[in-house]
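# Coordinate analysis (summary)
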Amino acid sequence: MDHPIYYPKSEYIETDTGNKVSRRATIAGPQNIILGGKTIIANGAIIRGDLRRTGPGHAVVISLGRYCLVGEGCIMRPPYKTYRGNFNYYPMKVGDHVHIGANTVVEAAQIGSHVEIGKNCVIGKFTIIKDCAKIADNTVIPPNTVIPALSSFAGSPGRFVEDMPESTQEMVEAMTKSYYSRFQPDPGSAATQQR
Amino acid sequence: MSPGVEYYCPCQASTPHPPQPNLASSSYSFHALHNLYFCEECDAIRCNHCVMVEVSGYYCPNCLFEVPSASVRAEKTRYQSCARNCFMCPSCSNTLTVVPSDPPDNGDERIPPTINAAGEPPFFLYCNHCRWDSAEVGITFEKPTGLAAQLQKFEDSAPESLEFERLKEHFEPYLRASPSTSGNGLHTHSPHMNPITAAASSALARDIPGVARYMPHALSRSRSGRDKNANRQEVPDYRARVEIGAITTGYALGGGAEPDVEFMRHLETVEEVATLDQRWGNSWVTSPRSIDLKPLRIPLHSKKSKRCPTCRHILIKPEQKAQSVRYKIKLVAANYLPAITVSLPHMQAALAMLRRSGRANAEPQDGTMLAGKTYPFHLSFQNPLYDPIQVRLHVQRAIPPTQPNAPETEKARRPPFAITLPTQAFPIAAFAEAWEYDDDEDMFGLEGEGEGEDEDFDAHGPKDSRGKSRTVGVLERRANVTMIGGEVMISKEARGDMKFNMLVSYTYRSDDPEPEEPSTPSRSQAQHKQPEMKTFSFYTVVDLGTIIVRDTSSVDLDS
Ligand SMILES: [Zn+2]
Ligand SMILES: [Zn+2]
Ligand SMILES: [Zn+2]
Ligand SMILES: [Zn+2]
Ligand SMILES: [Zn+2]
């Protein structure tokens, strides 16, 4: 519905591009994190941009597209492995219109666009989630799993449940946009509000 | 359940009217709008129960490799599974990883298709979820690639594979003789059976006494279908090479005889026994020991095209590329019918209170409607068309469908609730791209600074519950959305779900003024005054939630 989701105005910082980041979220290594715009990082979320590949220079560790939501208490941590004797972290790339439910841990390598991930999930290391996929609440996706486009997964370990409807892209886009526009500072919580 | 609206597809019924919402058949006939299709040719709603489904492409859900349809059909593939390196854990069904003999450093695996050449043979398959490992069941590989081919040798020589090959040879002539069934839907509504189905069911009816009673096709055939020579072709008896009886006499595990007893006697942990779930997909008698579980092939997934069952026009045609989410043709009902959402102002108010008090994740709860009370509700209609529409609503009378023409005699049975909706037609403005989207500079900003209609709309709640005149009628019009108010009066004796069927008729300007087809039931009578206007009607079911009784002691009993 069109009803607003209020937050105390002082609790979130809004960037020029419309990202809303909770002051109660932990953003480690912010210089290594990209937020596409109109993305919300909720209370208690932890984003580990500090876990970067060793070596000189600048490196993007975690990138999120537009209209994403990292829910309350989520942990976003880049995947890691030891390859030819060297331990390393690898980047995590998340597309547009991706919602991640509360208390979910994500160590994926790649998440496409228009993806919904439920609450209390574990998305294992190097997981690849393609466009328009859906992960149900409480799902455990083991490391290295590939989740095809337009498929829904649930369980532990997560298994294919069914195909998503053909209109998933439009539905998820409408949902994420509506969520963002409803996510508003509480007019009662600050005197500076209009009206 | 939270309030919601679902749309009716009449394919399951012989009348255009839906079943009463309290009947079990109702939920099967109503669908979320996003799951429905629309055939322009027939001017009708279609659903996943009635569309014809065709496979338009195959791919492996793990390595995402696209398998050409021709090769899937031609190849004697192993049940249309991935022929590369993809296997499923027989214990937990997670995807298996190929690992070298050096034990993996704690969770250090690769993405399956990219095989790390480094590492010592022999290679084996490993599950990083439950730690199942193929070496423990005696399966190892010399090379980390082409595992499917390496395993095929074992699979092909298995007795059940040989049996399956022989069965296919046995039935091949009949398959070829039958009219082509390839490519035509998972289910078509054709009343006749193909010869194979006919032969199989007649064999079943012959071999199992009494079964013919439950097979209408077999019955009708025996009465009237004697002359159809295609169906007369009886398939000769097939002699199985593997005798189930021979196994059960006691040579093999799983036959239920001595070896099984022996195995069970020496169990140390329950994990030594494979679960039914783990053995379910196997054929015939299989060993009950979990140590005998073999890695499983990963079945291919498919992309599907969908056709209208009546006129065969394509409704859904995906792009060829397996992981593309785009469609060449996509005729979904959401592009034709207004999207209807329902909300209950008294619940929204309660919810807003919860959220303000810090429970940001508070969700609407059911059971907030008390018997014996009256509640307002809001229905909002969003117009997907580029032209304005006029909408008229009609509540389907809550009478048993067996007596549709005798509403008066049903007076005695008082309906548990009464619905009031606006009786006048109301307009919804046209959809315009600018209203929906988007993007950066920007409708949200405008909205905030502007008239602040959001607050306005919130303010209706409390006002409405007192002033009755404001409750029923058009409450708000904004962009291509019109919100109307309705009212439900719940009787004191009412229990259960607050659901009612609602007929929605909308009038729109038609691009091509064509003669009316009286045969289509969903299209109403012609609008003679304005020949370019057309009306389309469809049923919905509106669910307002669950009624609870005021007495708190019985609430506890109910819930
Ligand atoms: Zn249907
Ligand atoms: Zn049907
Ligand atoms: Zn594969
Ligand atoms: Zn496993
Ligand atoms: Zn059609």
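Basis of the calculations
- Residues numbered from 1 in each chain as written.
- Chains lettered and ligands numbered in written order.
- Predicted model: local features only at pLDDT ≥ 70, side-chain atom pairs only at ≥ 80, totals over all residues.
- Heavy atoms only, no water.
- Helix = DSSP H or I, 4+ residues; strand = E, 2+ residues; numbered from the N terminus.
- Buried < 20%, exposed > 50% of the residue type's maximum accessible area, 1.4 Å probe, protein only.
- Contact = heavy atoms within 4.5 Å.
- Areas by Shrake-Rupley, 256 points an atom, 1.4 Å probe, with all protein chains shown as cover.
- Rg over C-alpha atoms; globule rule 2.2 N^0.38 Å.
- Lys, Arg positive; Asp, Glu negative; His and termini not counted.
- Charge placed at Lys NZ, Arg CZ, Asp CG, Glu CD.
- Salt bridge = Lys/Arg side-chain N within 4 Å of Asp/Glu carboxyl O.
- Core = buried A, V, L, I, M, F, W, Y, C linked by side-chain atoms within 4.5 Å.
- Arc of directions from axis to C-beta.
- Donors = N, O, S within 2.8 Å, 3.2 Å for Na, K, Ca; no water.
- Expected span 1.5 Å × (residues − 1).
- Polar contact = N/O pair within 3.5 Å; in protein donor to acceptor, adjacent residues only side chain to side chain.
- Phe/Tyr/Trp six-rings, centres within 6.5 Å; stacked < 30°, edge-to-face > 60°.
- Lys NZ or Arg CZ within 6 Å of the ring centre and 35° of its normal.
- Pairing = 2+ DSSP bridges.

Broken down by element type, chain B carries 15 helices and 23 strands. Burial status across chain B gives 40% buried among its 559 residues. For chain B, the share of sequence-separated contacts (at least 6 apart) that also reach a separation of at least 24 residues comes to 69%. For chain B, the exposed surface amounts to about 31700 Å²; the carbon and sulfur share of it is 54%.

Our next topic: the overall build of chain A. Looking only at helices and strands, one finds one helix and 25 strands in chain A. At 17 Å, chain A has a C-alpha radius of gyration in line with the 16 Å of a compact globule built from 195 residues. Over its C-alpha atoms, taken along the principal directions, chain A stretches across nearly 60 × 45 × 25 Å. In chain A, buried positions account for 56% of the 195 residues. For chain A, long-range pairs separated by at least 24 residues make up 39% of all intrachain contacts whose partners lie at least 6 apart in sequence. For chain A, the exposed area adds up to about 8000 Å²; of that, 51% sits on carbon and sulfur atoms. The centroid of the 21 positive side-chain charges in chain A is displaced by 8 Å from the centroid of its 17 negative side-chain charges.

Residue and element names in this part refer to chain B. As enumerated under the stated definition, the model contains 14 salt bridges over all chains in all. For Asp292, the salt bridge identified is with Arg289, shortest N-O distance 2.9 Å. What makes Arg289 partly exposed here is its relative accessible area of 29%.

Glancing now at the nonpolar core. Ranked by internal contacts, the top residues of the largest apolar core, which has 47 residues, are Leu337, Leu379 and Phe381 of chain B. Counting residues per element, this core draws most heavily on strand β22 (residues 496-509) of chain B, at six residues. Counting 30 residues, the second largest nonpolar core, distinct from the first, contains Ile100, Ile111, Ile117 and Ile141 of chain A.

Here we come to helix α3 (residues 147-157) of chain B. Residues and elements named next belong to chain B. Leu147, Ala148, Gln150, Leu151 and Glu155 are the residues of α3 that are buried. The buried residues of α3 occupy one face: seen down the axis, they fall within an arc of 160°. Among the exposed residues of α3, those oriented more than 90 degrees off its buried face are Ala149, Lys153 and Ser157.

Moving on, we come to the coordination of the zinc ion (ligand 5). Residues and elements named next belong to chain B. Coordination sphere of the zinc ion (ligand 5), protein contribution only: Cys39 (SG), Cys42 (SG), Cys308 (SG) and Cys311 (SG), at 2.2 to 2.3 Å. Look at where the donors of the zinc ion (ligand 5) fall in the sequence and you get C-x2-C-x265-C-x2-C. Of the two residues, Cys39 sits in strand β3 (residues 37-39) while Cys311 sits in the loop between β11 (301-307) and β12 (314-318), which places them 272 residues apart along the sequence. A relative accessible area of 2% places Cys39 in the buried class.

This part covers helix α1 (residues 168-182) of chain A. Owing to its 3.6 residues per turn, the α-helix brings residues three or four apart onto one side. In a regular helix each residue adds 1.5 Å, so 15 residues correspond to 21 Å; α1 of chain A covers 21 Å between its end C-alpha atoms and thus fits that length. Within α1 of chain A the residues assigned to the buried category are Thr168, Val172, Glu173, Thr176, Lys177, Tyr180 and Arg182 of chain A.

Moving on: the environment of Lys134 of chain A. Residues and elements named next belong to chain A. Here Lys134 is to be found in strand β20 (residues 134-135). Looking at Lys134, the relative accessible area reads 33%, which means it is partly exposed. Non-local contacts of Lys134, meaning those with residues more than four positions away in its chain, are made with Glu116, Ser151, Ser152, Phe153 and Met164.

Residues and elements named next belong to chain B. Of note, Ser537 is situated in strand β23 (residues 533-548). What makes Ser537 buried here is its relative accessible area of 14%. Here the side chain of Ser537 touches Ser505 through a polar contact of 2.9 Å, side chain to side chain.

Evaluated as defined, the whole model comprises 22 aromatic pairs over all chains. Pairing Tyr80 of chain A with Phe87 of chain A gives two aromatic rings, centres 5.5 Å apart and planes at 35°, and the pair type is tilted. On the accessibility criterion, Tyr80 of chain A (29% relative accessible area) is partly exposed. Plain terms: the ring middles of Phe381 of chain B and Phe426 of chain B are 5.3 Å apart, the flat faces sit at 65° to each other, and that makes the pair edge-to-face. Of the two residues, Phe381 of chain B is situated in strand β16 (residues 374-382) and Phe426 of chain B in strand β19 (residues 426-428); the sequence distance between them amounts to 45 residues. The residues Phe381 of chain B and Phe426 of chain B share a single accessibility class, namely buried. An aromatic cluster of at least three residues, connected via ring pairs, comprises Tyr7, Phe38, Tyr336, Tyr506, Tyr508, Phe536 and Phe538 of chain B. The lysine or arginine in question, Lys81 of chain A, covers the ring of Tyr90 of chain A, its NZ or CZ lying 5.2 Å from the ring centre.

Pairing of strand β17 (residues 389-395) of chain B with β22 of chain B involves six bridges; the strand directions are antiparallel. Its bridge partner being in β22 of chain B, Gln390 of chain B is matched across the sheet by Thr507 of chain B.

For the rest of this paragraph, the subject is the sheet that holds strand β22 (residues 146-147) of chain A. Residues and elements named next belong to chain A. Taken in spatial order, the six strands make up an open sheet running β5-β8-β13-β16-β19-β22, and their pairing is parallel. Edge positions in the sheet fall to β5 (33-37) and β22, since each has one partner strand and no second. As judged from the two bridges shared by strand β8 (residues 62-66) and strand β13 (residues 92-94), these two strands associate in the parallel manner. In the sheet register, Ser63 faces β13, and the bridge partner there is Lys93.

Another point: unusual backbone geometry. Residues and elements named next belong to chain A. Cis geometry is adopted by the peptide bond preceding Pro157, which originates at Ser156 and carries an omega value of -5°. Structurally, Pro157 is set in the loop between β23 (151-154) and β24 (159-163). Phi at Lys38 is positive, roughly 55°, even though this residue is not glycine. Looking at the secondary structure, you find Lys38 in the loop between β5 and β6 (40-41).

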